[in-house]
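Geometric and topological summary
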Amino acid sequence: MAASKDAAVNKPGPAQAADKPNTAEATAKSKGIAVLEGLLGKESAPVIPLPGRKVVPPKKAGWQPEWLRKLRWRHAIIGASFVGLVAVPATLASLYMAFIAADQYHSTASFAVRSIEGGVSSDILGMFTQASGGSTVSDSYILMDYILSERMAADADRRFKLEEVYATRGLDYFYGIGSDLPIEDKLDYWRDMVKVNFDHASGIMQVTVKAFEPKQAQEITEFIVNQSDSLVNSLSLSARNDVLRAAQDEVLAGEARLSKARAGLRDYRDKSQEISPEEGAKLAVQLIGSLEQQLTQLNADLATAKSQMSEDTPRIRVLKTRIESLEQQVAVERQRLGTGEGTSISEDPNAPDVAGRIAEFEQLETEREFAERAYTAALGSLEKARVDANNRQRYLALFIEPTLSQMAQYPTRLLNAFIVTLGLLFAWGIGVMGYYNIRDRA
C-alpha cells in the first residue's frame, strides 16, 4: 500500500508526460540500471529506501589516506634508516659539540730560517720577503718535519707531560688524550694539536698549537720555537764544521806533501854535497874550458919545442906529461857532465854525472814547487772556507712571538656539526641510491 501511494504521488501528470516523454523514459531507465547494479553488488549502486526500514550506509574498505595506502615496507625501512643513521647521530653530534666538547685555546708563532749571506736587506720587510736560497728552504723543510716528528713529541712529553696537559675535560673524551699510551699514539695526537704551515715563496713558517688552557698553549709554542732554534744552530754549526774540516784536511795533505818534497831535496843535497847541480855544472864547464885552454897552450908550446929540440929533451917530455895529465883531467870533467856516446850507461848506472844529477834535482825541485803551490792554495781555500762558513750561518728569525689567546677558537662547533651531518646524509644517500639501482636492475 505504501509503495502504491508513493507511486501515485510520484506519477507525473498528463501535461508533463506529454511535454517530456524522453525525460521520463531516461529517468526510468537509469533507476532500473541502478536497481540492477544494486542486485549485482556494485558499490556505486544507490540504496533504495523502503518505508519503515532504516538505511545503514556500508563501511568503506579503504579508510586510510591515499598517501598512506601507497606506502610499502621499503619506504618504512628507508625512513627508519634515515632516522637511525642520519637524524639521531647528527643530533647527538650537535649536542656533543654544543654542551660537552671542551674549549680549546690556540697560540701562534711565525718565524723563518735565514742566512746572513748576500748582505743585509734595506728594511725589515725585505728581510723576510726576499727569495730564499735553496739551502734555507731545505733547512725549513727539515725544521717542519722536526716539529711534527716523534723526537719533538717525546721531548714535549718529557717537558710538559702531555697526558696531564691534554687530559680529558669533563665528559669530552673525544678531544682528550688517554693514559698510558705508546709514543705512536701520542705522536698522532701531537700532530692533531700542532699545525705547521710553510710558505715556500717567502720562507715563512707558522706554528699553531692548541691546548685546553691558553697559558699551556703559549708555553708549548715557546718550547717548539726554542727547540727549532737549537736545531737550526746545530745544523749551521755542523755545516760550518764540515766545510772547515774539509779545508783543513786539504791543508794537512798539502803540508805533508810539501814536507816530503823538502825532505827528498835535503837528502839529495846531503848525498851530492852541492846546493844545486846546475851551479856545479856551470863550474864544471868553466873548469873544462880552462883546462882546454891550458891544453891548447901546452900543445902549442910542445909544437914549438919540437921544432927547436929533439924528442928526448926534458922539456918536451915535461910538456907531453902535462898534456897527458890535462887530457885525462878534461876527460874526467867531461865524464862528470855526461856519459857520452862511447860509454854505455849499463857499465856504470850509478855514475855521478852532472846531467843525471840535474835531472834528479829538477824532479825534486818541481815536486817541491808544486807542493808549495798546492799548500799555498789549500791555505787560501781554508781561509775562504772560514769566511764563507761565517757568512753562511743559519739562524731562526722569529718575528711573531707566541701569542696568548683570550678566547677559545676551537673546536669549531657549528662547522663540525655541519660536517658530521653532511657526511652522514651523503653516506645515507649513496646507500639509498645504491639500493634502488640494484632493485631496478634485478
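Before reading on, note that the structure itself is shown above.
Residues numbered from 1 in each chain as written. Predicted model: local features only at pLDDT ≥ 70, side-chain atom pairs only at ≥ 80, totals over all residues. Heavy atoms only, no water.

In terms of regular secondary structure, the protein chain is built from 15 helices and four strands. Sorting the 442 residues of the protein chain into buried and exposed places 28% on the buried side. For the protein chain, long-range pairs separated by at least 24 residues make up 77% of all intrachain contacts whose partners lie at least 6 apart in sequence. Carbon and sulfur atoms provide 58% of the accessible area of the protein chain, an area that totals close to 29,700 Å². (Helix = DSSP H or I, 4+ residues; strand = E, 2+ residues; numbered from the N terminus. Buried < 20%, exposed > 50% of the residue type's maximum accessible area, 1.4 Å probe, protein only. Contact = heavy atoms within 4.5 Å. Areas by Shrake-Rupley, 256 points an atom, 1.4 Å probe, with all protein chains shown as cover.)

A few words now on a nonpolar patch on the surface. Residues Phe82, Val83, Val88, Leu92, Leu95, Phe99, Ile100, Leu171, Tyr173 and Leu425 make up a contiguous nonpolar surface patch of about 990 Å² in total accessible area. At seven residues, helix 5 (residues 73-100) tops the list of elements feeding residues into the nonpolar patch. Structurally, the position occupied by Phe99 is in helix 5. Classification of Phe99 as exposed rests on a relative accessible area of 68%. (Patch = residues over 30% accessible without salt bridge, like charges linked within 9 Å, V, L, I, M, F, W, Y side chains within 5 Å. Salt bridge = Lys/Arg side-chain N within 4 Å of Asp/Glu carboxyl O.)

Below, the discussion takes up the packing of helix 8 (residues 150-160) against helix 10 (residues 183-193). At a closest axis distance of 9 Å, the pairing of helix 8 and helix 10 adopts a crossing angle of 95°. The orientation of helix 8 relative to helix 10 falls into the category roughly perpendicular. Packed against helix 8, whose contacting residues are Glu150, Met152, Ala153, Ala154, Ala156 and Asp157, the element helix 10 presents Ile183, Lys186, Leu187 and Trp190 at the interface. When the residues that make up the contact of helix 8 with helix 10 are grouped by side-chain class, the tally is seven nonpolar, no polar and three charged. (Axes fitted to C-alpha atoms, helices over the stretch in contact; angles between N-to-C directions. Parallel < 35°, antiparallel > 145°, perpendicular 65-115°, else oblique. Nonpolar A, V, L, I, M, F, W, Y, C, P; charged D, E, K, R; others polar.)

Inspection of every chain in the model, using the stated rule, returns 12 salt bridges. Note that Lys186 and Asp157 form a salt bridge whose closest N and O atoms lie 2.8 Å from each other. Here the residue Lys186 occupies a position in helix 10, and Asp157 occupies one in helix 8, the gap between them amounting to 29 residues. Accessibility expressed as a relative area gives 11% for Lys186, which makes it buried. When the shortest N-O distance is used, the salt bridge between Glu372 and Arg368 registers 2.5 Å. Taken as a pair, Glu372 and Arg368 lie in helix 14 (residues 354-391) at a separation of four residues, close to a single helical turn. Judged by its relative accessible area of 25%, Glu372 falls in the partly exposed class. By relative accessible area, which is 16% here, Arg368 ends up buried.

Further remarks concern a negative patch on the surface. On the surface, a cluster of negative charge is contributed by Glu150, Glu184, Asp185, Asp188 and Asp192. With respect to the helices and strands, the residue Asp185 is situated in helix 10. (Lys, Arg positive; Asp, Glu negative; His and termini not counted. Charge placed at Lys NZ, Arg CZ, Asp CG, Glu CD.)

This next bit is on the packing of helix 8 against helix 11 (residues 214-272). Between two packed helices, both the angle of their axes relative to each other and the distance between the axes serve to describe the pair. Relative orientation of the contacting elements helix 8 and helix 11 amounts to 130°, with a least axis distance of 11 Å. If you check the angle between helix 8 and helix 11, you find them oblique. Here helix 8 and helix 11 pass one another in a crossing that is right-handed. Two secondary-structure elements touch here, helix 8 through Met152, Asp155, Ala156, Arg159 and Phe160 and helix 11 through Glu219, Ile220, Phe223, Ile224 and Gln227. For the contact of helix 8 with helix 11, a count of residues per class yields six nonpolar, one polar and three charged. (Left-handed = near helix turned anticlockwise from the far one by under 90°.)

Structurally, Ser228 can be placed in helix 11. In this structure Ser228 touches Leu143, Tyr146, Ile147 and Leu396, once residues within four positions along its chain are discounted.

Attention now goes to the nonpolar core. In terms of nonpolar packing, the biggest core is built from 40 residues, with Leu143, Ile147, Tyr166, Trp190 and Ile224 touching the most fellow members. When residues of this core are assigned to their parent elements, the largest contribution, seven residues, is made by helix 11. Not counting the four nearest positions on each side in its chain, Leu143 is found in contact with Phe111, Val113, Met205, Ser228, Leu231, Val232 and Leu396. In terms of nonpolar packing, the next biggest core, distinct from the first, is built from 11 residues, Ile316, Leu319, Ile323 and Leu326 among them. (Core = buried A, V, L, I, M, F, W, Y, C linked by side-chain atoms within 4.5 Å.)

Before going further, it helps to spend a moment on the sheet that holds strand 1 (residues 105-115). Strand order across the open sheet formed by four strands is 2-3-1-4, with antiparallel pairing between neighbours. Two strands in the sheet have a free side with no partner beyond their single neighbour: strand 2 (194-198) and strand 4 (394-400). If you compare each strand with its neighbour and ignore which way they point, the axes differ by 25° on average. Along the sheet face, helix 10 touches strand 2 and strand 3 (204-211) and points at about 55° away from the line of strand 2. In this fold helix 11 packs onto strand 1, strand 2, strand 3 and strand 4, with an angle of close to 15° to the strand it touches most, strand 1. (Pairing = 2+ DSSP bridges.)

By themselves, these observations are geometric and do not establish any function.
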